[in-house]
Amino acid sequence: MSKIGVQEQNVLTGTGTAYLPKDDHHGVEAVQSLDSKNSSPEPDNTAHLFTSTISDNEPVVTRRELWSYYLYYNGDNGVGPLGFSMTLFQLLATSAGYDPIHGPGSSCTAEDASGQCVLSWGHGTKSISSVVLIANGASFAVMTMIFTTIGSAADYGTFGRWLLLVITCICWAAQFASMSLTVPSRWSLAMALYMIGFISYGATLVFYAALFPRLARNTHHSKALRQRYESGEIKREEYEIEESLEKNRISNISTMHSNIGYIVTLCLNLSLLLPLKNNPLVNNYTLVLTNGYWVITGIWWFIFQQPRPGPSIPKGESYLTIGWKQIWAAMKQYKQLPHTFIYLFAFFLLADGLNTTGTLVSICQNDKFSFTITSTASTLGFWYIQRYFKISTKRMFVVTNVVTILIPFWGMLGIWTHSIGCARLKCNFWSLPAPYYAFSQTMMAELTPPGFDNMFFGLFGLSNRASSMIGPNVIQAIIDKSGNNWMGFPFLFALCAAASIVIWFGVDIQKGRRDAVAWAEKTRTARKIREE
């Protein structure tokens, strides 16, 4: 086969082993277009930094392996590290603090308390809220370092497999260690355990999500589909649609399992919370129970996951530095992947707006937004609708965006009227856009160069998990100036709407997918030339 024939086939399947139908010239156009933008007589000096993890002989995903993948997410639902760990931290900090109006030695929970509570911090004091914000800010900073430093390294060898296992065990250990949090004087230990659990939990979500594009490429259906495409039985458009649906299937079902696990865990917690409601250690026991559920459901992934090792790390490179080098090299080549980077930027703003909206809703209603069975039903319903009508990922994501924008819009109505909006009716439809999370990561999978999953999902995780930088600061300034919590919703509505519009009209999934596959193929070819 000629070189250009190999490139044609590689552009659409990500492999280099079979024949491309003669009537399909779009793949070669993608490669030629990419080459014309970056033609150079000299080899690319950054080519050695990129190594694809794609292999032609990766094992087929078994039913047992896929179900263990779903069960991991069923337990990794956030109830422990985001719920009870935070509760323990705040309870101990409040018990250890004092009312600044009444002075040291007073209690923040006394009947005559002023409602303020401070802790000794360095040479002065800080409010409990400030200490919590410091913990969250430091956690986001560490997560940023993890995603950028070792995210790309997970694409090499078996590092990604062991990385998820180690991070998961750290999260489990931090939650089991909560049994030591028995007296207020240990509030600093509670803060440390909360941060460790929060950081490791956020990392498990990112590196777990980075696994599903590879799983989707290696299911029996995907492999059979690729064989049919390479033999000329089906057209390019049909192949792309079916491949996209396979990614959405795994993404939506895993998200549904996370929602189911959330509900099951809360029900299990009642078995301790109700009979032991007067026990001072009830939250400790409940956190251990919640964590035990995750261990039972999550351990099977590490047992049944089949080996799909990536290539060895490039000679002369380090696991601690190659991530930064790859990200910098990829950023310099953003013109080759415009739709991928536009999506990352817009999703950063969208996630920022949505996360801050959730916080503001809880403040305005003095209540946590409810996470009901609606989220599970909506995820399952959206998936069945997509599968039945074969709707594209982007169109489904646009629908979830509309629902997402309605949340701050509904809250904004509370500024002018009390007859509708969150001012009168609680924003309990918050759980309706749960499919947003599933379709957002499928969008990322569609725009990720095959074989560079951990690298780009690390950037995606940075956009999602560590995105709350703009919204909270702006909202705080608006509320301080106006004295009205509801005044924050117009800004959040504008932020979510602007980010959604950029995605709707600025991201072309079909072009972005082909650019991504062409970039991956060009990068692999350049590295082979350099090595030869």
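Bear in mind that the values here come from a model prediction, so they are computed numbers and not experimental data. (Residues numbered from 1 in each chain as written. Predicted model: local features only at pLDDT ≥ 70, side-chain atom pairs only at ≥ 80, totals over all residues. Heavy atoms only, no water.)

(A) Summary view of the overall build of the protein chain. A tally of regular secondary structure across the protein chain gives 20 helices and two strands. Considering only intrachain contacts with a sequence separation of at least 6, the fraction spanning at least 24 residues in the protein chain is 80%. If you sum the accessible surface of the protein chain, you get close to 23500 Å²; carbon and sulfur atoms cover 63% of it. (Helix = DSSP H or I, 4+ residues; strand = E, 2+ residues; numbered from the N terminus. Contact = heavy atoms within 4.5 Å. Areas by Shrake-Rupley, 256 points an atom, 1.4 Å probe, with all protein chains shown as cover.)

(B) How the structure looks around the packing of helix 3 (residues 63–75) against helix 10 (residues 236–273). Between helix 3 and helix 10, whose axes approach to 7 Å, the crossing angle comes to 40°. The angle between helix 3 and helix 10 falls in the class oblique. For the crossing formed where helix 3 meets helix 10, the hand is right-handed. Facing helix 3, whose interface residues are Leu-66, Trp-67, Tyr-69, Tyr-70, Tyr-73 and Asn-74, helix 10 presents Arg-249, Ile-250, Ile-253, Ser-254, Thr-255, His-257, Ser-258, Ile-260, Gly-261 and Tyr-262. In terms of residue class, the contact of helix 3 with helix 10 is made up of nine nonpolar, six polar and one charged. (Axes fitted to C-alpha atoms, helices over the stretch in contact; angles between N-to-C directions. Parallel < 35°, antiparallel > 145°, perpendicular 65-115°, else oblique. Left-handed = near helix turned anticlockwise from the far one by under 90°. Nonpolar A, V, L, I, M, F, W, Y, C, P; charged D, E, K, R; others polar.)

(C) Up close: unusual backbone geometry. Even without being a glycine, Lys-390 presents a positive backbone phi close to 55°. By secondary structure assignment, the location of Lys-390 is in the loop between helix 14 (373–389) and helix 15 (393–412). Overall, Lys-390 belongs to the partly exposed group, its relative accessible area being 45%. (Buried < 20%, exposed > 50% of the residue type's maximum accessible area, 1.4 Å probe, protein only.)

(D) Summary view of the state of the cysteines. Within the structure shown, the criterion is met by one disulfide. Disulfide partner of Cys-108: Cys-117, at an S-S distance of 2.0 Å. Note on the Cys-108 and Cys-117 pair: the S-S dihedral is about 85°, so by sign convention the disulfide is right-handed. Given a relative accessible area of 12%, Cys-108 falls into the buried group. (Disulfide = S-S within 2.5 Å.)

(E) Representation of a nonpolar patch on the surface. A grouping of Ile-296, Ile-299, Trp-300 and Ile-303 is seen on the molecular surface, where their side chains present a nonpolar patch of about 380 Å² in accessible area. Within the secondary structure layout, Ile-303 lies in helix 11 (residues 282–304). (Patch = residues over 30% accessible without salt bridge, like charges linked within 9 Å, V, L, I, M, F, W, Y side chains within 5 Å. Salt bridge = Lys/Arg side-chain N within 4 Å of Asp/Glu carboxyl O.)

(F) The packing of aromatic side chains, seen in detail. Going through the model one piece at a time under the given rule, you end up with 33 aromatic pairs. Aromatic pair Trp-172 and Trp-294: ring centres 5.8 Å apart, planes at 85°, arrangement edge-to-face. Pair noted here: Trp-172 is in helix 6 (residues 159–176) and Trp-294 is in helix 11, with a separation of 122 residues, a long-range link. Trp-294 matches Trp-172 in its accessibility class, with the two residues each being buried. Ring centres of Tyr-343 and Phe-397 lie 6.2 Å apart, and the angle between their planes is 70°; this geometry places the pair in the edge-to-face category. (Phe/Tyr/Trp six-rings, centres within 6.5 Å; stacked < 30°, edge-to-face > 60°.)

(G) Seen up close, the pairing of strand 1 (residues 118–121). Note: strand 1 against strand 2 (residues 124–127), four bridges, orientation antiparallel. Each residue of the ladder has a partner; that of Val-118, found in strand 2, is Ser-127. (Pairing = 2+ DSSP bridges.)

(H) Here's a closer look at the side chain of Thr-255. Tracing the backbone shows Thr-255 in helix 10. The class for Thr-255 is buried, based on a relative accessible area of 7%. Polar side-chain contacts of Thr-255 include one of 2.9 Å to the backbone oxygen of Ser-251. (Polar contact = N/O pair within 3.5 Å; in protein donor to acceptor, adjacent residues only side chain to side chain.)

(I) Main features of the nonpolar core. Grouped together as the largest cluster of nonpolar side chains are 97 residues, with contacts concentrated most on Phe-89, Tyr-343 and Phe-456. Among all residues touching Phe-456, those that are not within four sequence positions of it are Leu-337, Thr-340, Phe-341, Met-444, Thr-448, Pro-449 and Trp-519. Judged by nonpolar contacts, the second largest core, of eight residues, contains Leu-360, Met-412, Ile-475 and Phe-489. (Core = buried A, V, L, I, M, F, W, Y, C linked by side-chain atoms within 4.5 Å.)

(J) Seen up close, the pattern of salt bridges. Counted by the stated rule, this structure contains 12 salt bridges. The residue Glu-65 makes a salt bridge to Arg-308 at a minimum N-O spacing of 2.8 Å. You can see Glu-65 sitting in helix 3 and its partner Arg-308 sitting in the loop between helix 11 and helix 12 (322–332), a full 243 residues away along the chain. Arg-308 carries the same exposure label as Glu-65, and that label is buried. Taking the shortest distance from any N to any O, the salt bridge between Arg-513 and Glu-446 comes out at 3.1 Å. With Arg-513 in helix 20 (residues 509–531) and Glu-446 in helix 16 (residues 435–447), the pair connects residues that are 67 residues apart, well separated along the chain.

(K) Representation of the confidence of the model for the protein chain. Confidence in the prediction for the protein chain averages 82 pLDDT; 82% of positions are at 70 or higher. Within the model, pLDDT remains below 50 along residues 1–43, and this stretch shows 72 contacts once partners closer than five positions in the same chain are excluded. Every residue in residues 366–371 is under pLDDT 50, and counting partners more than four places away or in other chains gives 11 contacts. (pLDDT = per-residue confidence, 0-100.)

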